[in-house]
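Analysis of the macromolecular model
One-letter residues, chain by chain:
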Amino acid sequence: PGESLRGRETYRRRRREREEREEFSERLTLAMRATLVVLYAMTGFAKLNDAWHDPQLSCCVQMFVGSVAMLPFGVGRAAVEALPPVMLQAMPYGATAFELSFPVVLVASLLASSSSARGGGGGGGKDAKVAAAAPVPVRALAIAGSFFHVFIALPPPPMSVYPFSMIMAPMYIQALVPHECAAAATALLNAPRSVRMSLAAALAAL
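Just so it is clear, the model here is predicted, and its values are computed rather than measured.

Our focus in this paragraph is helix α7 (residues 162–176). Taking 1.5 Å per residue, 15 residues should reach 21 Å; α7 reaches 20 Å between its end C-alpha atoms and fits that length. Turning to α7, its buried residues are Ser-165, Met-168, Met-171, Tyr-172, Gln-174, Ala-175 and Leu-176.

The next subject is the packing of aromatic side chains. In total, this model carries six aromatic pairs according to the counting rule given. Both rings, one in Tyr-40 and one in Phe-102, keep their centres 4.1 Å apart while their planes meet at 25°; by these two values the pair is stacked. Residue Tyr-40 is found in helix α1 (residues 2–46), and its partner Phe-102 is found in helix α4 (residues 85–122); the two are separated by 62 residues along the sequence. Neither residue differs from the other here; Tyr-40 and Phe-102 are each classed as buried. An angle of 50° between the planes, with centres 5.8 Å apart, marks the rings of Phe-64 and Phe-151 as tilted. Taken together, the residues span a long stretch of sequence, with Phe-64 in helix α2 (residues 59–69) and Phe-151 in helix α6 (residues 136–153) at a distance of 87 residues.

We now examine the environment of Phe-102. What makes Phe-102 buried here is its relative accessible area of 0%. Excluding anything up to four places from it in sequence, Phe-102 contacts Leu-36, Tyr-40, Leu-141, Tyr-172 and Leu-176.

Before going further, it helps to spend a moment on the pattern of salt bridges. Inspection of the entire model under this criterion finds four salt bridges. Notably, a salt bridge pairs Glu-19 with Arg-15, separated by 3.4 Å at the nearest N-O pair. With Glu-19 and Arg-15 both in helix α1 and four residues apart, this pair spans about one turn of that helix. Classification of Glu-19 as partly exposed rests on a relative accessible area of 37%.

Let us now look at the confidence of the model for the protein. Low pLDDT marks stretches whose predicted atomic positions should not be read closely. When the pLDDT values of the protein are averaged, the result is 84; 90% of them are 70 or greater. Between residues 122–129, whose pLDDT stays under 50, and residues either more than four places distant or in other chains, the model counts 14 contacts.

Formed by 20 residues in total, the largest nonpolar core has its most connected members in Leu-36, Tyr-40, Phe-102, Leu-106, Tyr-172 and Leu-176. For this core, the elements supplying multiple residues, two or more each, are α1, α4, α6 and α7. The next biggest cluster of nonpolar side chains, apart from the first, holds nine residues, and it includes Val-61, Val-68, Leu-83 and Ala-95.

Time to look at the packing of α6 against α7. Contact geometry for α6 and α7: axes closest at 9 Å, N-to-C directions at 170°. By the angle class used here, α6 and α7 are roughly antiparallel. Contact residues: α6 offers Val-138, Leu-141, Ala-142, Gly-145, Ser-146, His-149, Ile-152 and Ala-153, while α7 offers Tyr-162, Phe-164, Ser-165, Met-168, Tyr-172 and Leu-176. Residues belonging to the contact of α6 with α7 are distributed by class as follows: 10 nonpolar, four polar and no charged.

Reading guide: rules and limits
Going along each chain's sequence as written, the residues are numbered from 1 onward. Confidence filtering applies because this is a predicted model: local features only for residues at pLDDT of at least 70, side-chain atom pairs given and counted only at 80 or more, and all residues used for totals across whole chains, interfaces and linings. By convention in this description, side-chain values take in all heavy atoms of the structure and omit both hydrogens and water. Under the DSSP-based scheme used, a helix requires at least four consecutive residues in state H or I and a strand at least two consecutive residues in state E, with every element numbered from the N terminus. Residue count minus one, scaled by 1.5 Å, sets the expected span of a helix. Each residue's exposure class comes from its accessible area (1.4 Å probe, protein chains only) as a fraction of the maximum for that residue type: buried when under 20%, exposed when over 50%, partly exposed otherwise. Between the rings of Phe, Tyr and Trp (Trp by its six-membered ring), a pair exists once the centres lie within 6.5 Å; its type follows the angle of the planes, with under 30 degrees stacked, over 60 edge-to-face, and the other angles tilted. Whether two residues touch is decided by their heavy atoms; if any such pair falls within 4.5 Å, the residues are in contact. Throughout this description, the term salt bridge denotes a Lys or Arg side-chain nitrogen within 4 Å of a carboxyl oxygen of Asp or Glu. Per residue, pLDDT captures the predictor's confidence, and it can take any value from 0 to 100. Each nonpolar core is a collection of buried residues, namely Ala, Val, Leu, Ile, Met, Phe, Trp, Tyr and Cys, held together in the definition by side-chain atoms within 4.5 Å. Angles run from 0 to 180 degrees between N-to-C directions of axes, and those axes are lines fitted to C-alpha atoms, restricted for helices to the stretch in contact. Throughout this description, any angle smaller than 35 degrees is read as roughly parallel, any larger than 145 degrees as roughly antiparallel, any in the 65 to 115 degree range as roughly perpendicular, and the remainder as oblique. Each residue gets one label: Ala, Val, Leu, Ile, Met, Phe, Trp, Tyr, Cys and Pro are nonpolar, Asp, Glu, Lys and Arg are charged, and the others, such as Gly, are polar.

Here's what the structure looks like:
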């Protein structure tokens, strides 16, 4: 009886600890989502000026040209010279549109997902707050935003904003695709040793 009692207590303690970790992760996800909404809304609003949309002054054009110019064997210089002016003029508007639409798409898709979870009998509980899988628009934001931050990290200093992109990486993971990343990490841990070693070597090479 004593061992059975200790076993039940251990089970309850571990279950309570697991629930506390899940609750903390859920709150962290909601906090990171709110942070991204405010961040992109403010940076998008700050770009609503004539100087930003002037391709001669906009840093996004300079970053793009700097990234392309880094291509080796003279390919970069040739590519920069071949860039049509219309493309350079459209870049600042594209950056503004992305940053202003990011919070709108994120909030709208999460609200729609939460409403669908409640309508499907979720009861408005944890699954209604943080879905087990991110909605498709949120996954699209994660992919588009990842490319965006990789792009602005590529130019050589002083144009590069590499530290900012590195700060955004964990925020993207926790706010947009926490369950997908957790599933990927679990799959990697259960993968054969050769697969893990190959991935580690590839990451080290980067």
